[in-house]
Amino acid sequence: MPMFAPRGTATAASGPLESLLGGCSIEVMPRTAAKIADFRSLLAPGSRIYIAHIDGTPFDDMLATARRLTEEGFQVMPHFPARLIRDRAMLADRVARYRDAGVRQGLLIAGGMARPRGDFSTSMQLLESGAFDGFERLHVAGHPEGSRDIDPDGSDRMVMAAARWKSAFAERSDARMAMTTQFCFDPGPVLDWIRRLRAEGVSLPVHVGVAGPAKLQTLIKFALACGVGPSIKVLQKRAMDVTKLLLPYEPNGFLTELAAMRSREPDSGIQSVHFFPLGGIAATAGWIATHAAAAGTAGTAHAKVSGQAPTP
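Residues numbered from 1 in each chain as written. Predicted model: local features only at pLDDT ≥ 70, side-chain atom pairs only at ≥ 80, totals over all residues. Heavy atoms only, no water.

1. Topic: the packing of aromatic side chains
Basically, it comes down to this: Note on aromatic pairs: the rings of Phe, Tyr and Trp (six-membered ring only in Trp) are paired at centre separations within 6.5 Å, and the planes decide the class, stacked below 30 degrees, edge-to-face beyond 60, tilted for the rest. Helix and strand definitions here come from DSSP, where helices need a minimum of 4 consecutive H or I residues and strands a minimum of 2 consecutive E residues; each element is numbered from the N-terminal end. When accessible area is computed with a 1.4 Å probe and restricted to protein chains, residues below 20% of their type maximum are described as buried, those above 50% as exposed, and intermediate ones as partly exposed. Here, a charge over a ring means that NZ of Lys or CZ of Arg falls within 6 Å of the ring centre while also lying within 35 degrees of the ring normal.
Inspection of the entire model under this criterion finds 10 aromatic pairs. For the ring pair F80 and Y98, a centre distance of 5.4 Å and an interplane angle of 75 degrees mean the geometry is edge-to-face. Of the two residues, F80 sits in strand 3 (residues 75-81) while Y98 sits in helix 4 (residues 88-100), which places them 18 residues apart along the sequence. With respect to burial, F80 and Y98 carry one shared label: buried. Each member of the aromatic cluster is reached from another via a ring pair, and the members are F59, F80, Y98, F132 and F135. Here the basic side chain of R172 rests over the ring of W165, its NZ or CZ set 5.8 Å away from the ring centre.

See the structure below:
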């Protein structure tokens, strides 16, 4: 069964949802990636795979995962959490070691820690460091529902100011830049936020985060842990419906509305979709394969979804 189609391979006859799924990416952690025998059994060659760097994950595990995925033929984008990086020497060392492993892309984030471990506290400081000169692609975080870590007062004043700064940086950078968002469950706030970005002069392309299929209880747990805001009400409402409680959540409705906006407003900046496989890598890969193949957009993708059990 086909999997991700490389960006730009959607046919002229494909619809909005199918076009949106073309070129989508997925996120893994070293411990979950280790449970997949060969990612080529799940993903098409050249698919982008983010590697999440969670506090406590040894850097050597991050590096080994990046090297392995690069050797398997994927575009690898590891996280660089500013607050986990002690100083410029550590940053330079990590970038150099990733380069040696074939990595030329990175997601630059502040990181979820309340206090920085060293000299860096924001992704903007990482961008300004010059350490990533020569990287082909740099992504930064987007927060459609705001972030209490950044704006404790519940506004989005600082979040939006940072977005404007990053957009201005992208205009003077040689790297291709984009904004990858946290996962959400209600398309309304996401669509409003994307329109607001454009009104604020933020021109960065947006890769919208979405949760892959998973049990409702699993999604609620992750949503609470990650600070997902208004859209968690979508899950809570679903949990009240006994007929849906035992069924896995699937992102069909969310992505259909997102694709419709992208079709209606081609200048909105929605470029792609980034999947958080909260219900397992194989489960998310299977969902995308089914929906892309049904619409015919993955005709040029060659990978198959294996019968492997989902990995949490």
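There's more to say after this.
2. Considering the pairing of strand 6 (residues 176-184)
A regular strand places its side chains on the two faces of the sheet in alternate fashion. For the record, the criterion: DSSP-based pairing: two strands are paired if at least 2 bridges between them are found. Throughout, right-handed denotes a crossover for which the path from the first strand over the helix to the second runs clockwise when the strands point away from the viewer.
In terms of residue burial, strand 6 counts as a mostly covered element, since seven of its nine residues are buried. Pairing geometry for strand 5 (residues 137-142) and strand 6, over six bridges, is parallel. Each residue of the ladder has a partner; that of G142, found in strand 6, is T181. Taken together, the four bridges between strand 6 and strand 7 (residues 206-211) define a ladder with parallel strand orientation. Residue pairing across strands places T180 opposite H207, the latter belonging to strand 7. In this region the chain leaves strand 6, passes through helix 7 (residues 187-199) and returns to the parallel neighbour strand 7; the handedness of that crossover is right-handed.

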